[in-house]
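# Results of the structural survey
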Amino acid sequence: MKLFIDTADLNEIKELASWGILDGVTTNPTLLAKSGRSFQEVIDEIFDLVDGPISLEVLSEKADDMIKEAKQIISKTPQKYRKNVAIKIPMTPEGLKAVKALSKEGIKTNVTLIFSANQALLAAKAGATFVSPFIGRLDDNGQEGMQLIEEIMDIFCNYDIETEVIVASIRHPIHVIEAARLGADIATVPPDVIRKMTKHPLTDAGIQSFLKDWAKVKK
Ligand code: G3P
């Protein structure tokens, strides 16, 4: 399973990319607002940090405007990184039209705010490169988010659909394990959850005891 980082915090992206574990980045307007950076500042730096798909969201509601916005984002991206741009488009009928047009031009798209298998199927049919089902928000709403991933994976496998499934809105490390067990293509994970994935109390205890014993070894 590929691991994307779900943040627009450039320092976090830089640090976690240095671990050699990141395959891409997803951002959204909320994450950009939290980062305190402008959209352009993020675009200027983010592509240098991770060599993989970088999802950047459009805010327009009409297909033509989404397409225009997508092209503006691409034009502001240095030529050598344009292959890594994935335009994040909300799951609406207008969004589907934009996905179809952009995919015809070979532009990667990530259809976001997916909350049902039918939405994922429609996005895939329109030519989406990625779909992003939001499992944490479903859990928050009293629905089993991972069940949606299971349904989408079954449907995509039945028909050899090439659209990749990004498990999004991940809240804790167990979500990542479950996503991997279901064979999801990608999990996009907030930095704090990635840090939690490194941890185990027995690892810390083991290091402490090895250090203690090393001090007793004749030098
Ligand atoms: O990738 C989508 C994600 O950023 C949404 O997460 O925690 O706002 O539901 P959350």
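Residues numbered from 1 in each chain as written. Predicted model: local features only at pLDDT ≥ 70, side-chain atom pairs only at ≥ 80, totals over all residues. Heavy atoms only, no water.

Sheets are built from strands that pair by backbone hydrogen bonding, the pairs being arranged parallel or antiparallel. Pairing is parallel in the closed barrel, where 8 strands are placed in the order E1-E2-E3-E4-E5-E6-E7-E8. On average, adjacent strands in this sheet sit at an angle of 30° to one another, irrespective of strand direction. Summarising the sheet, strand E7 (residues 164–167) and strand E8 (residues 186–189) pair through 2 bridges and their orientation is parallel. Of the residues in E8, the one forming a bridge with Ile 166 is Ile 186. (Pairing = 2+ DSSP bridges. Helix = DSSP H or I, 4+ residues; strand = E, 2+ residues; numbered from the N terminus. Axes fitted to C-alpha atoms, helices over the stretch in contact; angles between N-to-C directions.)

Once that is clear, we can look at the side chain of Thr 163. Topologically, Thr 163 is positioned in the loop between helix H8 (145–158) and E7. Overall, Thr 163 belongs to the buried group, its relative accessible area being 6%. Within polar-contact distance, the side chain of Thr 163 engages the backbone oxygen of Ala 128 at 2.8 Å. Excluding residues that lie within four positions of it along the chain, Thr 163 makes contacts with Ala 124, Ala 128, Thr 129, Phe 130, Val 131, Phe 156 and Asp 185. (Buried < 20%, exposed > 50% of the residue type's maximum accessible area, 1.4 Å probe, protein only. Polar contact = N/O pair within 3.5 Å; in protein donor to acceptor, adjacent residues only side chain to side chain. Contact = heavy atoms within 4.5 Å.)

In this model helix H11 (residues 201–216) runs 23 Å from its N-terminal to its C-terminal C-alpha over 16 residues, within 8% of the 22 Å that 1.5 Å per residue would give. The element H11 is largely exposed, with a buried count of 0 among its 16 residues. (Expected span 1.5 Å × (residues − 1).)

Before going further, it helps to spend a moment on unusual backbone geometry. In this structure, Leu 113 takes a positive phi of about 60° despite not being glycine. Along the chain, the position of Leu 113 falls in strand E5 (residues 108–114). Residue classification places Leu 113 among the partly exposed positions, given a relative accessible area of 33%. With a phi close to 50°, Asp 160 is a non-glycine residue in the positive phi region. Of note, Asp 160 is situated in the loop between H8 and E7.

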